[in-house]
Amino acid sequence: MAEIDGDDSATPVLVVRDLRKRYGRIEALKGVSLEVGRGVLLGLLGPNGSGKSTLIRTIMNLQTPDSGYIRIFGRDPRKEHSTIYRRVGYMPELPNLPDFMTGRQFLEFVARVNGVPSGEIGGRVREMLELVGLSDAADRRIGKYSKGMVQRLGVAQALIHDPDLVVLDEPTLGMDPEGRVFFRELFRDLARGGKTILMSSHLLEDVEKTASHLAIIYRGDLLFFGEIGRALSLISGDHVVRVEVDGDPSRAAEALRGLGFVRDLSVDGSWIKIVVSRDAGSGFRREISEAIYRSGCLILAMETTTVDLEQAYIKSLRDCGDRSRGPAT
Amino acid sequence: MSMRPMAGGFSPLWRIWIVAEYEIQRSLAKKKIIVGIILALGASIGSGYLFSYAIGLYEAGRLPIPVDRSLAWIFMFSIPSFILASLGVLLGGGMFSEEYEKRTAEILFSKPPTRTEVFVGKILGGLMIYVAIITITLATVIVASHVFFGAQSMLSLAPTVLAASIYGNMVFFTMALMFSQLTRNTLISSVVPISLLVIMPIIQAVIIFLERTTGEDLAWIARILPTWSSDLQIYVIPRELLVRSLVLFPTTSFLYGDPVLAAFSATGYIMAFVSAAYIDIALRDVTRG
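Position labels on residues start from 1 in each chain and follow its written sequence. Chains and ligands are labelled sequentially in the order written, the chains with letters from A and the ligands with numbers from 1. Note on the predicted model: pLDDT of at least 70 is required for a residue's local features to be given, and 80 or more for side-chain atom pairs to be given and counted; whole-chain, interface and lining totals, by contrast, use all residues. Note: side-chain values were computed over all heavy atoms of the structure, leaving out hydrogens and water.

Bringing the overall build of chain B into the picture now. A tally of helices and strands in chain B yields 15 helices and zero strands. When contacts within chain B are restricted to residue pairs at least 6 apart in sequence, long-range pairs at least 24 apart make up 82% of them. Accessibility throughout is a Shrake-Rupley quantity obtained with a 1.4 Å probe, and a residue counts as covered only by protein chains that appear here. Accessible surface, chain B as shown: approximately 12,300 Å² in total, 73% of it carbon and sulfur. Residues scored as charged are limited to Lys and Arg (positive) and Asp and Glu (negative), so that His and the chain ends carry no count. In this description, the location of a charge corresponds to atom NZ of lysine, CZ of arginine, CG of aspartate or CD of glutamate. The averaged location of the 17 negative side-chain charges in chain B is 9 Å from the averaged location of its 20 positive side-chain charges. Secondary structure elements are defined from DSSP: runs of H or I of at least 4 residues count as helices, runs of E of at least 2 residues count as strands, and each element is numbered from the N terminus. Residues count as neighbours in contact if any of their non-hydrogen atoms are within 4.5 Å of one another.

Each helix and strand counted, chain A has 11 helices and 13 strands in total. Each residue is placed in one exposure class: buried if its accessible area under a 1.4 Å probe, protein chains only, is under 20% of its type's maximum, exposed if it is over 50%, and partly exposed if it falls in between. Buried residues in chain A amount to 56% of all 329 residues. Pairs at least 24 residues apart make up 69% of the contacts formed inside chain A by residues separated by at least 6 positions. Approximately 13,700 Å² of chain A is accessible, and the part contributed by carbon and sulfur atoms is 43%.

Glancing now at the interface of chain B and chain A. Across the boundary between the two partners, chain B contributes 38 residues, which contact 44 residues of chain A. In the sections that follow, a salt bridge refers to a side-chain nitrogen of Lys or Arg positioned within 4 Å of a carboxyl oxygen of Asp or Glu. In this structure, the connection of chain B to chain A is made through four salt bridges. Between Glu21(B) and Arg112(A) there is a salt bridge, with the nearest N and O atoms lying 2.6 Å from each other. Taken together, the elements giving at least two residues each to the side of chain B that touches chain A come down to α1 (12-28), α6 (105-109) and α7 (115-149) of chain B. Here the side of chain B that touches chain A gets eight residues from one element, more than from any other, and that element is α1(B).

As a further point, take the nonpolar core. Residue and element names in this part refer to chain A. Nonpolar cores were defined as sets of buried Ala, Val, Leu, Ile, Met, Phe, Trp, Tyr and Cys residues, with membership established by side-chain atoms within 4.5 Å. Counting residues in each nonpolar core, the largest one holds 152 residues, and the members touching the most others are Leu 55, Ile 72 and Phe 187. Excluding anything up to four places from it in sequence, Leu 55 contacts Val 16, Leu 19, Leu 29, Val 32, Leu 34, Leu 44 and Ile 217. Listed in part, the 19 residues of the second largest apolar core include Val 241, Phe 261, Val 262 and Val 276.

All names here are of chain A. Only when DSSP finds a minimum of two bridges between them are two strands counted as paired. A sheet is described by the order of its strands in space; here six strands give the open sequence β5-β6-β7-β3-β8-β9, paired in mixed fashion. Taken across any chain shown, the strands that pair with only one partner, and hence form the sheet edges, are β5 (88-91) and β9 (221-227). For this sheet, the mean inter-axis angle between neighbouring strands, taken without regard to orientation, is 10°. Sheet analysis places strand β8 (residues 213-218) next to β9, joined by six bridges and oriented antiparallel. Along β9, the bridge assignment pairs Ile 216 with Phe 224. Axis angles are defined between N-to-C directions and span 0 to 180 degrees, where every axis is a line fitted to C-alpha atoms and, for a helix, only to the segment in contact. Across the face of the sheet, helix α5 (residues 147-159) comes into contact with β5 and β6 (165-169) while running at roughly 165° to β5.

Here we take up a nonpolar patch on the surface. Patches were defined on residues exceeding 30% relative accessible area and lacking a salt bridge, with like-charge contacts within 9 Å and nonpolar side-chain contacts (Val, Leu, Ile, Met, Phe, Trp, Tyr) within 5 Å. The grouping of Phe82(B), Val198(B), Ile199(B), Ile202(B), Ile203(B), Val206(B), Phe209(B) and Leu210(B) at the surface amounts to a nonpolar patch, some 700 Å² of accessible area in total. Broken down by element, the nonpolar patch gets its largest block of residues, seven residues, from helix α9 (residues 186-214) of chain B.

Residues and elements named next belong to chain A. With six bridges connecting them, strand β10 (residues 239-246) and strand β12 (residues 271-276) associate as antiparallel partners. Considered in β12, the bridge of Val 240 is made with Val 275. Two strands pair when backbone bridges link them, and strand β11 (residues 262-268) and β12 are joined in this way by six bridges, in the antiparallel orientation. Residue pairing across strands places Leu 265 opposite Ile 274, the latter belonging to β12. Hairpin connection, β11 to β12: the antiparallel pair is bridged by two residues, and Gly 269 has positive phi, about 65°.

Moving on to the confidence of the model for chain A. Residues and elements named next belong to chain A. When pLDDT is averaged across chain A, the result is 86; 88% of the residues are at 70 or more. This stretch, residues 1-8, has a pLDDT under 50; its non-local contacts, to residues over four places away or in other chains, come to 24 contacts. Note on scores: pLDDT gives the predictor's confidence for each residue, bounded by 0 and 100. In this model, residues 322-329 is a region of pLDDT below 50 whose contacts with residues beyond four sequence positions or in other chains number 19 contacts.

So, on to the side chain of Arg184(B). All names here are of chain B. Structurally, Arg 184 can be placed in the loop between α8 (158-183) and α9. Buried charge Arg 184 goes without a salt bridge, the closest partner of opposite sign being Asp 280 at 4.8 Å. Apart from the residues lying within four places of it in its own chain, the contact partners of Arg 184 are Ser 97, Tyr 100, Glu 101, Phe 179, Arg 284, Asp 285 and Val 286.

Here we take up the pattern of salt bridges. Scanning the model with the defined rule gives 28 salt bridges over all chains in all. Two residues, Arg87(A) and Asp164(A), come together in a salt bridge whose shortest N-O distance is 2.8 Å. Within this pair, whereas Arg87(A) is found in the loop between α2 (81-85) and β5, its partner Asp164(A) is found in the loop between α5 and β6, the two being separated by 77 residues in sequence. For Asp164(A), a relative accessible area of 29% translates into the label partly exposed. A salt bridge links Arg192(A) to Glu185(A), with the nearest nitrogen and oxygen atoms 3.9 Å apart. For Glu185(A), a relative accessible area of 33% translates into the label partly exposed. What you see here is one network of salt bridges that share partners, running through Glu23(B), Arg26(B), Lys30(B), Lys32(B), Glu98(B), Glu99(B) and Lys122(B).

This part is about the sheet that holds strand β2 (residues 26-36) of chain A. Residue and element names in this part refer to chain A. Strands sit in the order β2-β1-β4 across an open sheet of three strands; the sheet is antiparallel. Every interior strand has two partners, whereas the edge strands, β2 and β4 (67-72), have only one. Each strand of the sheet is rotated relative to its neighbour by a mean of 20°, with strand direction disregarded. Here eight bridges tie strand β1 (residues 14-23) to β2, and the two strands are oriented antiparallel to one another. The residue bridging Arg 20 from the neighbouring strand is Lys 30, located in β2. Strand contacts of helix α1 (residues 52-59): β1, β2 and β4, with the helix running at about 120° to β1, the strand carrying the most contacts.

All names here are of chain B. Inspection of the secondary structure puts Gln 204 in helix α9. With relative accessibility at 1%, the residue Gln 204 sits in the buried group. Considered as a pair, Gln 204 and Val 147 are 57 residues apart in the sequence and their alpha carbons are 36 Å apart.

Where each domain starts and ends follows an automatic or database-derived domain assignment. As far as domains go, chain A holds domain 1 (14-233 + 313-318) and domain 2 (237-306). In this structure, domain 1 of chain A and domain 2 of chain A have C-alpha centres spaced 39 Å apart.

Structure (structure tokens):
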């Protein structure tokens, strides 16, 4: 079983062991095991129907596994539901919130049901409304909210009781780019503050820019589980070189294709993205520069990174033997 | 964000109460419930005109049954009984299914209240509204009958009638909430019990007719139908008062029997319906896929 160690916690926040779940003939989870420590922001990736939501809902005690078990804070959530879920915040995918309540009423309800002391509820609700930018719409019925506003309120209700574990299913879905950046930063801050966050997303960028750890699930199997950096280096040792050129980028691209270590190449405006094989020697940057100069272009900027998450993700799925299905985007 | 420690009340009873409050707010936000309440009150007051017309007929010698104007409240409370029963069905019928249909169940069941607490809290909330509606209807009837027909008699029976009405109506309320959880479909869980409310008295009437024409003992069949026990409020009123207040229910008047037996029958139905719903909510996945 793969393992993630948090900063200093002896008891893992979340343990999932050999979890199996079947819907008729479909095996939604095929013995998933993982262990998550404190302060970890785990990004859960997988295409639609891969088992992400089943895993999350089983963790949230909304579904019962056929076999295997879950421990949250070292306890069995099926036996100690109230004690455990008081310390857990959950936001489902595209949350449907009670449309007969106003945003404020709903947050008050969630705060009360989570045992927040009555003297603190008003302040906590105001704080959350302000945090997610819904102060002006606080007394409007949720039924009148836009999709993005419901999403924001969904995040607020997951955080209002200051939980130790936050489970978010596609939290930035339907948000504008500004909102996505804001919430990514917020989740990172929460993890830095010691909270454990499990966040599923089909937006690879969200996971790449937010998560400290990665789990890739596909057809009920956990394909990868570990730190993002380790994920990338294990899944592929390839490098990605991005070059901004002054001149005709298509000519530069043509010249680059002649280099033996170039595995893939794409042009986006004046930028050229080159995937370099892990077998390339240390001089690949020099060879790239020379090829570009030979094509009559000038190099304005050059960045080298290891392979990005999207490529790692695609590769892990391909390695799984199914080339017919691409990643969820 | 602050990291303040939490304290304060967090007992199962507290959680049940919060869910009950949620259910009350949810139910009162539904237009069909508000319309039902208005209809029930309107029917009770409107029945006063019917009773007044019957008195006129009696005084003109065109009605052979003696009508007692001091028992108007019994008549006026009996008229909206179908509406009250239907209101119970509407309250129970949407109780769980609407949470699944609107996908709010995922939020509700992921919070600290256990499934048992959510189950009890929602029933408690729905029941509190239902009891309030029936009580307000009876209170309105008593006031209106005083206003229209003068001083009313036998009001000492009112608390028993109220309790019997609430308990009897719980048969269809719990039947609806059972369907609501089992089918997770509001339309089915409302239409099926209301259809039974309409059809079963007809079946009872047919059975009684057959019994009277064939001479065979068939009343027991009518007595095992849930509509028999749900008419409990009728059985706690002495038969002669029912006649003098013009509460003429051909089937139930023939089936008029032991209110204790009816209460037992109602208890059996209520327990069966609630148990079926509870087992389903406890064992079945809240979401699928």
